[in-house]
Amino acid sequence: VLDLSANMIGDTTMFELEKACLDHPKLRVVNLEGNLITDQGSYSLSKVSRQFRSLNVSHNKIGAPGIAALLASSGEKNCRLESFEFLRTWHGPQ
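Reference entry: report on the structure contained in this document. What you are looking at is a predicted structure, and each value in this text was computed from that prediction instead of being measured. (Residues numbered from 1 in each chain as written. Predicted model: local features only at pLDDT ≥ 70, side-chain atom pairs only at ≥ 80, totals over all residues. Heavy atoms only, no water.)

**What to know about the nonpolar core**
For step 1, the next point in the chain: The biggest cluster of nonpolar side chains holds 18 residues, and the ones touching the most others in it are Met-14, Leu-32, Leu-45, Phe-52, Leu-55, Val-57 and Phe-84.
For step 2, the next point in the chain: Counting residues per element, the ones that place at least two in this core are α1 (11–23) and α3 (64–74).
For step 3, the next point in the chain: In terms of residue count, α1 provides more of this core than any other element does, three residues in total.
For step 4, the next point in the chain: Every residue in contact with Met-14, bar those within four places of it in the chain, is listed here: Ile-9, Leu-32, Ile-37, Gly-41, Ser-44 and Leu-45. (Core = buried A, V, L, I, M, F, W, Y, C linked by side-chain atoms within 4.5 Å. Buried < 20%, exposed > 50% of the residue type's maximum accessible area, 1.4 Å probe, protein only. Helix = DSSP H or I, 4+ residues; strand = E, 2+ residues; numbered from the N terminus. Contact = heavy atoms within 4.5 Å.)

**Some words on the pattern of salt bridges**
For step 1, the next point in the chain: According to the stated counting rule, one finds three salt bridges in the structure shown.
For step 2, the next point in the chain: Here Glu-16 makes a salt bridge to Lys-19, at a shortest N to O gap of 3.6 Å. Within this pair, Glu-16 and its partner Lys-19 are both found in helix α1, separated by three residues, close to a single helical turn.
For step 3, the next point in the chain: What makes Glu-16 partly exposed here is its relative accessible area of 47%.
For step 4, the next point in the chain: The closest approach of N and O atoms between Glu-82 and Arg-53, which form a salt bridge, is 3.3 Å. Here Glu-82 is found in the loop between α3 and β4 (83–85), whereas its partner Arg-53 is found in the loop between α2 (39–46) and β3 (54–56), with 29 residues between them in sequence.
For step 5, the next point in the chain: A relative accessible area of 64% means that Glu-82 is categorised as exposed. (Salt bridge = Lys/Arg side-chain N within 4 Å of Asp/Glu carboxyl O.)

**Let's talk about the environment of Asp-3**
For step 1, the next point in the chain: Looking at the secondary structure, you find Asp-3 in strand β1 (residues 2–3).
For step 2, the next point in the chain: Given the relative accessible area of 48%, Asp-3 is considered partly exposed.
For step 3, the next point in the chain: Residues Asp-3 and Leu-45 lie 42 residues apart in sequence; the distance between their C-alpha atoms is 15 Å.
For step 4, the next point in the chain: Here Ser-5 takes part through its side chain, which lies 2.8 Å from a polar atom of the side chain of Asp-3.
For step 5, the next point in the chain: Polar side-chain contacts of Asp-3 include one of 3.5 Å to the side chain of Asn-31. (Polar contact = N/O pair within 3.5 Å; in protein donor to acceptor, adjacent residues only side chain to side chain.)

**Let's talk about the sheet that holds β3**
For step 1, the next point in the chain: With respect to topology, four strands assemble into an open sheet ordered β1-β2-β3-β4, the strand pairing being parallel. The sheet is open, and its two edges are formed by β1 and β4, each paired on a single side.
For step 2, the next point in the chain: Across two bridges, the pairing between β1 and strand β2 (residues 29–31) is parallel. Paired with Leu-2 across the two strands is Val-30, which belongs to β2. (Pairing = 2+ DSSP bridges.)

And the structure:
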C-alpha cells in the first residue's frame, strides 16, 4: 500500500513514481487523492497502473484525456485494476 494523498504531488513527481513502480511490481494499492496531478502526470501513471488492484486519483486536476489514458490502460491484457476512483478530477479553466 502506498498512500501519498494530500502531499502536493504534481506531474514531475509522477514521472519519478512511474520509475519507482517499475522497480516494485508487487505494489497493489495506490492512493494519490488530493494532489496536483494533471493529464501529463496521469499519462506516466497509466504506464504502470495495470499492476495495481486499487488506484485513487480523486480531487486532482486530471481532465478527460488523462482519465481516458488511465481507463485505456485498465483494459490492457494482464491488468489487475479492480477499483479506480476519480471523483472531482477536472477543475476546468481557471
